[in-house]
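Results of the structural survey
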Amino acid sequence: MIFTFTMDARTLAISTAIVIGVMVTVSVLLSFIYHKRYNGVVTWLWSNIFFALGFVLYSFQGRWDHFFTIVLSNSFTILSLSLFAISILRLVELKVNYYFDIAISLFAFGIFFFL
């Protein structure tokens, strides 16, 4: 017997949002425990929240307005990756160059929307 599984983009986005939701729950607990000891844990929490929010908005594509499901979804995803890079640099106590991070984010934003 041959099984064929079909996965559409909405199912993948919802399953990814569920996994990231679990990751947000864990990062909330870790940020409450370790926010005074380690720099960057709260930034990592916000990174996970924006990443989950981006995938939740992406899963409503076709039901909601394109501004919410495309523009805000991609913007939240890019913002979460920028915050993740900042949190890693703060965690290992390196100097954070915010201008470089903003430049990389604008470059990624341009790739997502103009290519």
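Residues numbered from 1 in each chain as written. Predicted model: local features only at pLDDT ≥ 70, side-chain atom pairs only at ≥ 80, totals over all residues. Heavy atoms only, no water.

**Considerations on the overall build of the protein**
Heads up, the condition is: In DSSP terms, a helix is any run of H or I states spanning at least four residues, a strand is any run of E spanning at least two, and both are numbered starting from the N terminus. Buried, partly exposed and exposed residues are distinguished by accessible area as a fraction of the type maximum, computed with a 1.4 Å probe on protein chains only: under 20%, between the cut-offs, and over 50%, respectively. Only heavy atoms enter the contact rule, under which two residues are in contact if any of them lie within 4.5 Å. We get accessible surface area from the Shrake-Rupley algorithm with a probe of 1.4 Å; when it comes to residues, only the shown protein chains can shield them. Think of it this way: Lys and Arg go in the positive column, Asp and Glu in the negative one, and His and the chain ends go nowhere. Charge placement uses NZ in Lys and CZ in Arg. For Asp and Glu, CG and CD serve respectively.
From N to C terminus, the protein includes 4 helices and 0 strands. What you see in the protein, going N to C, is helices and strands ordered as α-α-α-α. The principal-axis extent of the C-alpha atoms belonging to the protein is close to 50 × 35 × 30 Å. Per-residue burial over the protein gives 27% buried out of 115 residues. Sequence-distant contacts, at least 24 apart, represent 59% of the contacts inside the protein between residues at least 6 apart. Counting every atom, the protein has about 8300 Å² of accessible surface; 73% of that belongs to carbon and sulfur. Averaged over its 6 positive side-chain charges, the protein has a centre that lies 10 Å from the centre of its 4 negative ones.

**Structural notes on unusual backbone geometry**
Of note, the phi angle at Glu93 is positive, near 60 degrees, even though the residue is not glycine. Positionally, Glu93 belongs in the loop between α3 (66–91) and α4 (98–114). Exposure remark for Glu93: the relative accessible area of 67% places this residue in the exposed category.

**Here we look at the packing of aromatic side chains**
Think of a pair of aromatic rings as described by two things: how far the centres are apart, and how the planes are tilted against each other in angle. Let me state the cut-off plainly: Here a Phe, Tyr or Trp ring, Trp counted by its six-membered ring, pairs with any other such ring whose centre lies within 6.5 Å, and the pair is stacked when the planes are under 30 degrees apart, edge-to-face when over 60, and tilted otherwise.
Taken as a whole and judged by the stated rule, the model has 4 aromatic pairs. When the ring of Trp46 is compared with that of Phe50, the centres are 6.1 Å apart and the planes differ by 35 degrees; the resulting orientation is tilted. Separated by 4 residues within a single helix, Trp46 and Phe50 lie in helix α2 (residues 41–59), roughly one turn from each other. Judged by centre distance (5.0 Å) and plane angle (70 degrees), the ring pair of Phe51 and Phe55 falls under edge-to-face. With Phe51 and Phe55 both in helix α2, this residue pair falls 4 residues apart, about one helical turn. Since its relative accessible area comes to 21%, Phe51 is described here as partly exposed. These aromatic residues form a ring-pair network of at least three members: Trp46, Phe50 and Phe76.

**Points about the confidence of the model for the protein**
Applicable threshold: One number per residue, pLDDT, summarises how confident the predictor is, and it ranges from 0 to 100.
With 92% of its residues at a pLDDT of at least 70, the protein reaches an overall mean of 80. Mean pLDDT per element in the protein: α4 is the minimum at 74, and α2 is the maximum at 85.

**Brief notes about α2**
The following threshold applies: How far a helix is expected to stretch is found by multiplying one less than its residue total by 1.5 Å.
Taking 1.5 Å of rise per residue, 19 residues should cover 27 Å, and α2 covers 27 Å from first to last C-alpha, within 8% of that figure. For α2, the full list of buried residues reads Val41, Thr43, Leu45, Ser47, Asn48, Phe50, Ala52, Gly54, Leu57 and Ser59. Buried-residue contacts for α2 involve α1 (9–34) and α3.

**A few points about the side chain of Asn48**
Assignment of secondary structure puts Asn48 in helix α2. When near neighbours in sequence (up to four residues on either side) are disregarded, Asn48 contacts Ile20, Met23, Val24 and Ser27.

**Description of the packing of α2 against α3**
Heads up, the condition is: Between the N-to-C directions of two axes lies an angle of 0 to 180 degrees, each axis being a line fitted to C-alpha atoms and, for a helix, fitted only over the stretch in contact. Working definition: roughly parallel below 35 degrees, roughly antiparallel above 145 degrees, roughly perpendicular at 65 to 115 degrees, and oblique for all remaining angles. Each crossing gets its handedness from the near helix: less than a right angle anticlockwise from the far helix is left-handed, clockwise is right-handed. Throughout this entry, Asp, Glu, Lys and Arg are counted as charged residues, while Ala, Val, Leu, Ile, Met, Phe, Trp, Tyr, Cys and Pro are counted as nonpolar. The remaining residues, Gly among them, count as polar.
Running from N to C, α2 and α3 cross one another at 160 degrees; their axes reach a closest spacing of 7 Å. The angle between the axes of α2 and α3 places the two elements in the roughly antiparallel class. In this structure, α2 crosses over α3, and the sense of that crossing is left-handed. The class makeup of the residues in the contact of α2 with α3 is 14 nonpolar, 8 polar and 1 charged.

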